[in-house]
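Here's the letter readout for the chains.
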Amino acid sequence: MSSMYFEPNSNLSVTERGYRVAATSAAESPLAPLATPALVLGMVLLGLGTAGLLRLGAWVGNYGPVLVVLAYLLYMAAAVSLALWGAVTIWSLHRR
C-alpha cells in the first residue's frame, strides 16, 4: 500500500511529483526575520552550555552519567542547530 499523495491537477510528471523540493530559499522564508534573534540566542545558549561544563561532574554524581550526557548533548545539538540556522539564513540574506 502506497502512502504517496498526488495532486490531481498538477502539471508535474509522475516522477517529478515525488521529488519536489520547496521552491523558497532561506532568504524568502517567512521565518527569515527571526534569523538574527535566532543567531544571538543560539550563541548565548552555546556560551551557557560551555559554562555548564564546570558543573557537569557534580550533575553526573547526582543524577547519573547517562542522563546527564544525553541531556547535555541534546541541549548542545539544539543550540548549535539554532545558531547555524540563523547564521546560514543571515548569510543568504546578505548574499543577495
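Note that the structure is a prediction, hence the values are computed from the model and not measured. Each residue is numbered by its place in its chain's sequence as written, counting from 1. This being a predicted model, a pLDDT of at least 70 is required before a residue's local features are given, and a value of 80 or more before pairs of side-chain atoms are given or counted; all residues contribute to the totals for chains, interfaces and linings. Heavy atoms throughout the structure, all of them, feed into the side-chain values; hydrogens and water do not.

To obtain an axis, a line is fitted to C-alpha atoms, over the contacting stretch when the element is a helix, and the angle between two such axes runs from 0 to 180 degrees between their N-to-C directions. Runs of E in the DSSP output that reach at least two residues are strands. Runs of H or I that reach at least four are helices, and both are numbered from the N terminus. Where helix 3 (residues 56-63) contacts helix 4 (residues 65-95), the two axes come as close as 7 Å, and the packing angle between them is 135°. Taken together, the axis directions place helix 3 and helix 4 in an arrangement best described as oblique. Across the interface between the two elements, Leu 56, Trp 59, Val 60 and Tyr 63 of helix 3 pack against Pro 65, Leu 67, Val 68 and Tyr 72 of helix 4. Here the nonpolar group is Ala, Val, Leu, Ile, Met, Phe, Trp, Tyr, Cys and Pro; Asp, Glu, Lys and Arg are the charged ones; every other residue, Gly included, is treated as polar. Here the contact of helix 3 with helix 4 is composed, by residue class, of 8 nonpolar, no polar and no charged. For this classification, under 35 degrees means roughly parallel, over 145 means roughly antiparallel, 65 to 115 means roughly perpendicular, and everything else is oblique. We call two residues contacting when some pair of their heavy atoms lies within 4.5 Å.

The next point concerns the nonpolar core. Residues belong to a common nonpolar core when they are buried Ala, Val, Leu, Ile, Met, Phe, Trp, Tyr or Cys residues joined through side-chain atoms within 4.5 Å. Remark: exposure states derive from per-residue accessible area (1.4 Å probe, protein chains only) relative to the maximum for the residue type, with buried under 20%, exposed over 50%, and partly exposed in between. By size, the foremost hydrophobic cluster in this structure holds 7 residues: Leu 46, Leu 56, Val 68, Tyr 72, Met 76, Ala 79 and Ala 83. If you tally residues by element for this core, the top one is helix 4, at 5 residues. For Ala 79, the contacting residues outside a window of four places in its chain are Gly 42, Leu 45 and Leu 46.

Moving on, we come to the environment of Gly 49. Locating Gly 49 in the fold gives a position in helix 2 (residues 35-51). For Gly 49, a relative accessible area of 3% gives the class buried. Taking the C-alpha atoms as reference points, Gly 49 and Tyr 72, 23 residues apart in sequence, are found 7.8 Å from one another. When residues no more than four places from it in sequence are discounted, the contact partners of Gly 49 are Tyr 72, Tyr 75 and Met 76.

Moving on, we get to helix 4. With 31 residues, helix 4 should cover 45 Å at 1.5 Å per step; its first-to-last C-alpha distance of 44 Å lies within 8% of that length. Within helix 4 the residues assigned to the buried category are Val 68, Tyr 72, Met 76, Ala 79, Ala 83, Gly 86, Thr 89, Ile 90 and Ser 92. Check the buried side of helix 4 and you find it contacts helix 2 and helix 3. To estimate the expected span of a helix, subtract one from its residue number and multiply by 1.5 Å.

Our next topic: the packing of helix 2 against helix 4. The contact between helix 2 and helix 4 brings their axes to 7 Å, and the two run at 150°. In terms of axis orientation, helix 2 runs roughly antiparallel to helix 4. In this structure, the crossing between helix 2 and helix 4 has a hand that is left-handed. Of the residues in helix 4, those in contact with Ala 35, Thr 36, Ala 38, Leu 39, Leu 41, Gly 42, Met 43, Leu 45, Leu 46, Leu 48, Gly 49 and Thr 50 of helix 2 are Tyr 72, Tyr 75, Met 76, Ala 79, Val 80, Leu 82, Ala 83, Trp 85, Gly 86, Ala 87, Thr 89 and Ile 90. A breakdown of the residues in the contact of helix 2 with helix 4 according to their chemical character gives 18 nonpolar, 6 polar and no charged. With the far helix as reference, a near helix turned anticlockwise by less than a right angle produces a left-handed crossing, and one turned clockwise produces a right-handed crossing.

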